[in-house]
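Examination of the molecular architecture
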There are 2 protein chains.
Amino acid sequence: MARRLPSLHGLRAFEAAARQLSFTRAAEELNVTQSAVSHQIRALEEQMGVALFRRVPQGLLLTEAGQLLLPAVRDAFDRLAVGVERVREHEASGTLTVSVSPYFAGRWLMPRIGRFRALHPGIELRISANPLYVDFTRETDIDLAVRHGLGTWDGLHAVRFLDDQVFPVCSPALRPPLETPEDLRHHALLNDEMHHYWDAWLAGAGLTGLAPSAGLRLTDIGLAIQCAIAGQGVAMARASLIEEELAAGTLIRPFALSIPADFGIYAVCPEAMADRPKIAAFRDWLIAEGRNDQPVLS
Amino acid sequence: MARRLPSLHGLRAFEAAARQLSFTRAAEELNVTQSAVSHQIRALEEQMGVALFRRVPQGLLLTEAGQLLLPAVRDAFDRLAVGVERVREHEASGTLTVSVSPYFAGRWLMPRIGRFRALHPGIELRISANPLYVDFTRETDIDLAVRHGLGTWDGLHAVRFLDDQVFPVCSPALRPPLETPEDLRHHALLNDEMHHYWDAWLAGAGLTGLAPSAGLRLTDIGLAIQCAIAGQGVAMARASLIEEELAAGTLIRPFALSIPADFGIYAVCPEAMADRPKIAAFRDWLIAEGRNDQPVLS
DNA sequence: AGCCTGCATGAGTTGAACTCATGCGGATGA
DNA sequence: TCATCCGCATGAGTTCAACTCATGCAGGCT
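Described in the following lines is the structure provided in the data block. Remember, predicted model here, so these are calculated numbers, not experimental data. (Residues numbered from 1 in each chain as written. Chains lettered and ligands numbered in written order. Predicted model: local features only at pLDDT ≥ 70, side-chain atom pairs only at ≥ 80, totals over all residues. Heavy atoms only, no water.)

Focus on the interface of chain B and chain A
To keep it simple, the criterion reads: We call two residues contacting when some pair of their heavy atoms lies within 4.5 Å. When two components associate, each loses some accessible surface as probed by a 1.4 Å sphere; the sum of these losses over both components is called the buried area. Every case where a carboxyl oxygen of Asp or Glu lies within 4 Å of a side-chain nitrogen of Lys or Arg is listed as a salt bridge. We define a polar contact as two N or O atoms separated by no more than 3.5 Å, with the added condition that, inside protein, one atom must be a possible hydrogen donor and the other a possible acceptor, whereas residues neighbouring each other in sequence contribute only through side-chain atom pairs. Numbering of helices and strands starts at the N terminus; helices are DSSP runs of H or I of at least 4 residues and strands are runs of E of at least 2. Each residue is assigned to one of three groups, with Ala, Val, Leu, Ile, Met, Phe, Trp, Tyr, Cys and Pro labelled nonpolar, Asp, Glu, Lys and Arg labelled charged, and all others, Gly among them, labelled polar.
Residue-level contacts link 44 residues of chain B with 42 residues of chain A. For the pair chain B and chain A, the summed buried area comes to about 4,000 Å², and 65% of that belongs to carbon and sulfur atoms. When the shortest N-O distance is used, the salt bridge between B:Arg79 and A:Asp75 registers 2.7 Å. Scanning the region where chain B abuts chain A turns up four residue pairs in polar contact (both at pLDDT 80 or more). Elements with a minimum of two residues in the side of chain B that touches chain A: α1 (8–20), α2 (23–30), α3 (34–48) and α4 (64–91) of chain B. Counting residues per element, the side of chain B that touches chain A draws most heavily on α4(B), at 21 residues. Residues of the side of chain B that touches chain A, tallied by class, amount to 22 nonpolar, six polar and 16 charged.

Below you can see the structure in the form of structure tokens.
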């Protein structure tokens, strides 16, 4: 710039005041006090070396200098607004790559994904089914991941969007049938990443001397659920992820007792990308879906 | 604006950095540190939710988003600069009303005014010859005045633009002629607003018991000079305001001794108008002329 | 005359914008 | 290969532009 511009905030205040012909209404639009606009305009007039407004009892009028200045300033701020919005819209469209476990994808995400796509037709989703935690430093094409845990991952922005009650589930064909919690002694308590809930649940049921089966370790919740459907044992399940099987009758919930899950389901991404519009849009959608579909607590 | 703009200072930093493809050069242009630009761009990228630059070893590159944003921001700041400059130029033209004493107008201002008009053809000057101090609160059409004094006028912006040596002048036809300062005893020491210099000059000349004539008080320096030309006495004169008479021989300088003037010649206007472009332009010109025509010191 | 509205202003506060100091990475030249 | 240079990044601390708060004033209206 050949010559120093006056205060940009002052020019913004000028534009709003000139359009509204009121410091008070301009202040409301800019979310500042009337006093702030008055000070801004005064400072701008000093910097410009000329009055821009005439304060008359009927209201504000632009002076000749103010009328001369307004078109350029209005254009400028309009151009800024258009340009900024275009970039934001552009950034809120394009491809979003989400990494989720196949189990979570099948049980929770895919049945709902249509609603996201309806809300954000401009965002092209790419779902990467991956049972393992994604390493964002190596897989840089992943924008966001869904993780199960406590949310304390260094360098990652994590938002918990699903809270659940947790309870045992089993096949209705399981033999001998589970009449009381004591009957669990006759069956394998399936040992997956939900295993730590057994201790709390069994204590709640008044049972001692029982623990998840040590002989069989399942790395994937989906496998554990399939074992339970096959009558091979009893699995611990989160309410929001077992609705389908309970509704279909392939699994039943033998006891009413449930406990709150300390592990949550989190939307996770690198801290530096948390504000990216696409990522924020998806995360916000997950949060809304998690709130809408809160399981009915027993 | 439908949506809050990001930081205007950030956008300004972005425009400069994008044009220069360098934070360091952008900082120099904006008169801030490289660190300030770096912080600004980082904050802007967070507010926009997208990277605008790629930092590569060869220098900066604009990302796709940055390329999308730049035209609108560049246009906007160009429009602001043009609009602001147009108003400033417009304000630096038009009519400027200057109040000066007739004496000062004749002896100093008018012989030089052509140079001002050549520099500022867009400013129409109106010279108001007024031997008295102008009261800006009553004569609101006066933009600027020239005053002789110490510059301590309340509520007024005063800039001293003429400093002078002061010395006695008289008609070459004065009788008896002035051979030594002692000969001043035979003549009237003319009493105008320059009268207070007599004490200091006479003391410097080693004379005691002499003072400006009490019987004749002249309210205007011009009158005193005319009296001196008529041989009616000896006047005290400022070097820069007596050149014409000395050159023409209508007055002579009988002694080499001179003293510095404590009173200066000031450009004066109301504080609140000091920054008006027309007024600033004229004042700056007076300062430049005062510097250029510094009298040769004896 | 009293009340209301909107702008003006001084005093004090706040936080965006800045500087300072320093670190890091990459290019270059010896 | 190493030392040096350059330019961007960053955290800590500082500065002052921008803001709020409180209040005053002028003019219009009832």
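What to know about the relation of the copies chain B and chain A
Quick reminder of the rule: Least-squares superposition aligns the copies on the C-alpha atoms of those residues with pLDDT at or above 70 in both.
When chain B is brought onto chain A, the operation consists of a screw motion whose angular component is 178 degrees and whose axial shift is 0.4 Å, with 0.8 Å RMSD remaining. Here the transformation between the copies is reduced to the relation of a two-fold axis. Within chain B, B:Ala76 has its C-alpha nearest the rotation axis, a separation of 2.2 Å. Mapped onto chain A, 95% of the interface residues of chain B are again interface residues, and the two copies thus contact each other with one and the same surface.

Digging into the sheet that holds strand β7 (residues 165–169) of chain B
Residues and elements named next belong to chain B. As a reminder, the rule being used: Two strands qualify as a pair provided that DSSP identifies no fewer than 2 bridges between them. Simply put, an axis is a line fit to the C-alpha atoms, just over the touching stretch for a helix, and the angle between two N-to-C directions goes from 0 to 180 degrees.
The sheet built from three strands is open, its strands ordered β8-β7-β9 with antiparallel pairing. Either end of the sheet is taken by a strand with one partner, and the two such strands are β8 (235–238) and β9 (259–260). Sheet topology places β7 next to β9; two bridges connect them, and they run antiparallel. Bridge pairing links Gln165 to Pro260 in β9. Where helix α8 (residues 221–229) meets the sheet, it contacts β7 and β8, and its direction lies at approximately 120 degrees from that of β8.

Examining the protein's contact with DNA strand D
Applied cut-off: Note on terminology: near, applied to a residue and a molecule or strand, indicates that one of the residue's heavy atoms is within 4 Å of it.
Neighbouring residues of DNA strand D: 20 residues in total, closest A:Thr33, A:Ser35, A:Gln40, B:Thr24 and B:Arg55. B:Arg55 has a polar side-chain atom sitting 2.3 Å from a phosphate oxygen of DNA strand D. Secondary-structure elements contributing two or more residues to the surface near DNA strand D are α1 (8–20) and α3 (34–48) of chain A together with α2 and α3 of chain B. Here the surface near DNA strand D gets five residues from one element, more than from any other, and that element is α3(B). Tallied by class, residues from the surface near DNA strand D come to five nonpolar, 12 polar and three charged.

Function cannot be read off these values alone, since they describe shape.
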